[in-house]
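Listed here are the chains, written in short residue letters.
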Amino acid sequence: MSKLKELTENGCCVLEQVLPEKLTKKCIDISNKALENLSSEHREKNKSQGSMIHLADYPEYSDLIASPDLMKSLENNFNFSDLRFSSGYLISKPPKSPPLFWHQDWWAWQHEISYTEEIAQFFAMIYLQDTDQENGCLRVLPGTHRNPQILQRHKNAHSESISRVENPEDPIYQATQGEIEIPESYGDVIIGDARLVHGALPNKTKNERLLITLWFHPNYERLPEEIKARIFESFQRKGVDTDPLGKSSLTPEKWPTAEKAKISHLFPSLEYSKEPIDWCREPMWNRFSRPGTN
């Protein structure tokens, strides 16, 4: 099965040995320094995720975001054009930490494009060490990017109480029928549709588990104007529920000249003819159901 077909049908795929060791080592150094700056309040608020550090606060990540090796692999494996970047996070689980809750990350469910095969947003997950069932590898529910029942069940996963793990017995953290665990080797990249329901196992080890998630938008030129406007708002850190304080924070537009130049070709356009679509994480399958829809 081709990587494109795997992504389309299952909602994710693994690109093996994409990133050079020099780049990943640099990212490890940047990430470790970023984690040193974290407050205990941040860790407690994001107990399930581990951390939610916005990459825009660290221009040093520019080499990763625009990595020629990553761009070439995306070009070779998928029929994408006009790729754009909106945001990225260091989501790093500390030693002996709980599972990451089941969730999906799409935010425009009130728009009909959400119920088509069009991939308006995908993640590129980069684990900065070999990752398996012991240190918190990714787990996914294949095909759920097109499954109304499962998606509806996880519509409110991003609440503060869920992030804090106030009820560790909640099914949102537990093993689920049909899940597939995805161990990953250092240098691999996992690509996934933003609509896919996914989570992560607990980190049972004594070491931090480093993960960088990049958010990209393929075929940008053919996306609806209101979707493109929202992508630009996200790029500017406005109205994003995972980044509530971001509006007054650093954005790639304000990076030093050298770092900004490396990724400027991936910036979403600031020109659009419609207002940004409202942020909406709740699927509306009854409103947009079509014959043959899963």
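Cut-offs applied
- Residues numbered from 1 in each chain as written.
- Predicted model: local features only at pLDDT ≥ 70, side-chain atom pairs only at ≥ 80, totals over all residues.
- Heavy atoms only, no water.
- Helix = DSSP H or I, 4+ residues; strand = E, 2+ residues; numbered from the N terminus.
- Buried < 20%, exposed > 50% of the residue type's maximum accessible area, 1.4 Å probe, protein only.
- Contact = heavy atoms within 4.5 Å.
- Areas by Shrake-Rupley, 256 points an atom, 1.4 Å probe, with all protein chains shown as cover.
- Lys, Arg positive; Asp, Glu negative; His and termini not counted.
- Charge placed at Lys NZ, Arg CZ, Asp CG, Glu CD.
- Pairing = 2+ DSSP bridges.
- Axes fitted to C-alpha atoms, helices over the stretch in contact; angles between N-to-C directions.
- Disulfide = S-S within 2.5 Å.
- Core = buried A, V, L, I, M, F, W, Y, C linked by side-chain atoms within 4.5 Å.
- Salt bridge = Lys/Arg side-chain N within 4 Å of Asp/Glu carboxyl O.

### A look at the overall build of the chain
Looking only at helices and strands, one finds ten helices and ten strands in the chain. Across its three principal directions, the C-alpha atoms of the chain cover 50 × 50 × 40 Å. Expressed as a percentage of its 294 residues, the buried residues of the chain come to 57%. Counting contacts in the chain only where the partners sit at least 6 residues apart, residues at least 24 apart contribute 86% of the total. Total accessible area on the chain is roughly 13100 Å²; 48% of this is exposed by carbon and sulfur atoms. When the 35 basic and 43 acidic side-chain charges of the chain are each reduced to a single mean position, those positions are 1 Å apart.

### Side note on the sheet that holds strand 4 (residues 100-103)
Within the open sheet, the four strands sit side by side as 4-9-6-7. Their pairing is antiparallel. At either end of the open sheet lies a strand with only one pairing partner, and these are strand 4 and strand 7 (180-182). Strand-to-strand, the axes of this sheet are offset by a mean angle of 25 degrees, without reference to chain direction. Of the pairings in the sheet, the one linking strand 6 (residues 138-140) to strand 9 (residues 198-200) comprises three bridges and is antiparallel in character. Among the inter-strand pairings, Val140 is bridged to a residue of strand 9, identified as His198.

### A closer look at the sheet that holds strand 1 (residues 12-15)
Spatially, the six strands line up as an open sheet ordered 1-8-5-10-3-2, and their pairing is antiparallel. Two strands bound the open sheet, and with one partner strand each, they are strand 1 and strand 2 (53-54). The sheet contact formed by strand 5 (residues 122-127) and strand 8 (residues 189-193) spans four bridges and is antiparallel. Bridging across to strand 8, Phe123 finds its partner in Gly192. The sheet strands contacting helix 2 (residues 21-36) are strand 2, strand 3 (84-90) and strand 10 (211-217), and the helix crosses strand 3 at an angle near 60 degrees.

### Thoughts on the environment of Thr213
Looking at where Thr213 falls in the secondary structure, it is placed in strand 10. Note: C-alpha distance between Thr213 and Ser159 (54 residues apart in sequence) is 20 Å. If we skip the residues at most four places from it in the chain, Thr213 touches Ser87, Gly88, Tyr89, Ile91, Phe123, Ala124 and Met125.

### Regarding the state of the cysteines
For the structure shown, the criterion picks out zero disulfides. Summary of cysteine pairing: Cys12 is not part of a disulfide, and the nearest cysteine sulfur, belonging to Cys13, is at 7.0 Å.

### What about the nonpolar core?
Leu70, Leu74, Ile191, Ile212, Leu214 and Phe216 are the most contacted members of the largest nonpolar core, which has 44 residues in total. Sorting elements by how many residues they give to this core places helix 2 first, with six residues. Apart from residues lying up to four places away in sequence, Leu214 is in contact with Leu55, Leu64, Ile65, Leu70, Phe85, Ser87, Gly88, Phe122, Phe123, Ala124 and Ile126. In terms of nonpolar packing, the next biggest core, distinct from the first, is built from 30 residues, Met52, Ile113, Tyr127 and Val140 among them.

### A closer look at the pattern of salt bridges
This model, assessed by the stated rule, comprises 16 salt bridges. As a salt-bridge pair, Asp57 and Arg237 come within 2.9 Å of each other at their nearest N and O atoms. Within this pair, whereas Asp57 is found in the loop between strand 2 and helix 4 (62-65), its partner Arg237 is found in the loop between helix 8 (225-235) and helix 9 (257-263), the two being separated by 180 residues in sequence. Across the pair Lys228 and Glu225 runs a salt bridge whose closest N-O atoms are separated by 2.9 Å. With a gap of three residues between them, Lys228 and Glu225 both fall in helix 8, about one helical turn apart. Linked by salt bridges that have partners in common, Lys26, Asp63 and Lys262 make up one network.

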